[in-house]
Amino acid sequence: MSVSVNDRQAPVAPGKIPAAIFHAESLVGESMMRTRLVDSSWPGGSQFFSATLLASLLTSSVLAEDQRDDNAVIFECDFESAEWWQEWGLNAPPARVDAVSQDTELGFEPHAGRALRIRVDEGGHYGVSLQYRFAERTGTEPEEVWLRYYLRFGSDWTPARGGKLPGIAGTYGRAGWGGRKVNGTDGWSARGLFRGQKDGRTPVGFYCYHADMRGRYGDNWIWDKEGFPGLENNRWYCVEQYVKLNQPGQNDGILRAWVDGSPVFEKTDVRMRDIDTLKIETVWMNVYHGGTWTAETDHHLYIDDVMISSQRMPR
Ligand SMILES: [Ca+2]
């Protein structure tokens, strides 16, 4: 099957493991060693044994929250395969896109091996447009889903104006993108967006076509919870997005986003649909500069470790 299996069991990189785990693991290691050394002949042995038990319990409870549930993984792509594009149902690699493991000219450093490098040409809009269509791949369409991916803007990422980033959608080719306003029965979408870079940061958010939209174009809902300032160039971020569709006609749809594990956006009164046949059709890995405007210069960004899941997954 074309779904690649990422065998990097999280947590993997030291920087990503909560301090409590390191603390617990060091306690376990130290205590076990000392327990072995002193055995039962040393008066302090039983105390160390207690510490070992305590630390083991602590470790197992912390790790349990961080372990991934493989049953919840719907799709993942780490771009390590030479034919990574086949995992997205394509017969040939898309234009302007390469899987790279080094790219020092643009300040690249790997997140985990190869990453997808995406170029927006000077004077152009695209980008890339990859789709994971649930009905084709799984035979069914969900009503809630998590999308997680790692994102890095290259050193030449200097957009003066905004555009689109990966997200989740149900346009069904009818409505919900490109000024095709939705009415609750034809489509919806919650792609990501970026705005023009300011003070070295690129604001990001949801670009949402929903049944309560007023204008022709989708609403811009910037991720700015707790003062989140946007993304810097030349560093990796873990981006997580969650969509739960509303009950038809109700204002109870949910959009959430996290960056590096911190919540940066929540909206719980979204009306994406008025009929239950509108579902989550696709994860749309879209990068697009514009609007009608185009890129002022070549811009590059990198994406790695895309995961679509039915539960929120550990980073
Ligand atoms: Ca990779």
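Throughout this document, residue positions are counted from 1 along each chain, in the order its sequence is written. Whole-chain, interface and lining totals are the exception, using all residues; otherwise, since this is a predicted model, local features are given only for residues with pLDDT of at least 70 and side-chain atom pairs are given and counted only at 80 or more.

As for the environment of Leu90
Put simply, the rule reads: The secondary structure listing takes helices from DSSP runs of H or I that are at least 4 residues long and strands from runs of E that are at least 2 residues long, numbered from the N terminus.
Mapped onto the secondary structure, Leu90 falls in the loop between β1 (73–77) and β2 (97–100). Taking the C-alpha atoms as reference, Leu90 lies 8.7 Å from Leu130; in sequence the two are 40 residues apart.

Digging into the sheet that holds strand β6 (residues 163–170)
Put simply, the rule is: Only strands joined by at least two bridges in the DSSP assignment are considered to pair. Under this scheme, a helix contributes an axis fitted over its contacting stretch, all axes are lines through C-alpha atoms, and angles between N-to-C directions fall in the 0 to 180 degree range.
A sheet is described by the order of its strands in space; here six strands give the open sequence β4-β13-β6-β7-β8-β9, paired in antiparallel fashion. One side of each edge strand has no neighbouring strand; the edge strands of this open sheet are β4 (126–133) and β9 (219–222). With direction set aside, neighbouring strand axes in the sheet form an average angle of 20°. Where strand β8 (residues 204–209) and β9 come together, four bridges link them in antiparallel fashion. In the sheet register, Cys208 faces β9, and the bridge partner there is Asp219.

Digging into unusual backbone geometry
Excluding glycine, a negative phi dihedral is what most residues carry, and trans is how most peptide bonds are arranged. How we decide: Exposure criterion: with C-beta atoms placed from backbone coordinates, a residue whose C-beta has 20 or more other C-beta atoms within 10 Å is buried, one with 12 or fewer is exposed, and one in between is partly exposed.
With an omega dihedral of 10°, the bond running from Tyr126 to Gly127 counts as a cis peptide bond. Mapping Gly127 onto the fold places it in strand β4. With an omega dihedral of -5°, the bond running from Gly290 to Gly291 counts as a cis peptide bond. At Arg96, a residue that is not glycine, the phi angle is positive and equals roughly 65°. With respect to the helices, strands and loops of the structure, Arg96 is situated in the loop between β1 and β2. Under the C-beta neighbour-count criterion, Arg96 is labelled partly exposed, with 17 such atoms within 10 Å. The residue Tyr172 is not glycine, and still its phi comes out positive at about 50°. Checked against the element boundaries, Tyr172 lands in the loop between β6 and β7 (188–194). Of the residues examined, Tyr172 has 15 C-beta atoms within 10 Å and is grouped as partly exposed.

Topic: the nonpolar core
Defined as follows: Nonpolar cores are built from buried Ala, Val, Leu, Ile, Met, Phe, Trp, Tyr and Cys residues. These are joined into a set through C-beta atoms within 7 Å. Here, residues touch in the contact sense if the C-beta positions derived from the backbone fall within 7 Å of one another.
In terms of nonpolar packing, the biggest core is built from 71 residues, with Leu116, Ile168, Val243, Leu301 and Ile303 touching the most fellow members. If one sorts the elements of this core by residue count, strand β5 (residues 144–153) sits on top with seven residues. Not counting the four nearest positions on each side in its chain, Leu116 is found in contact with Phe79, Val97, Ala99, Tyr302, Ile303 and Asp304.

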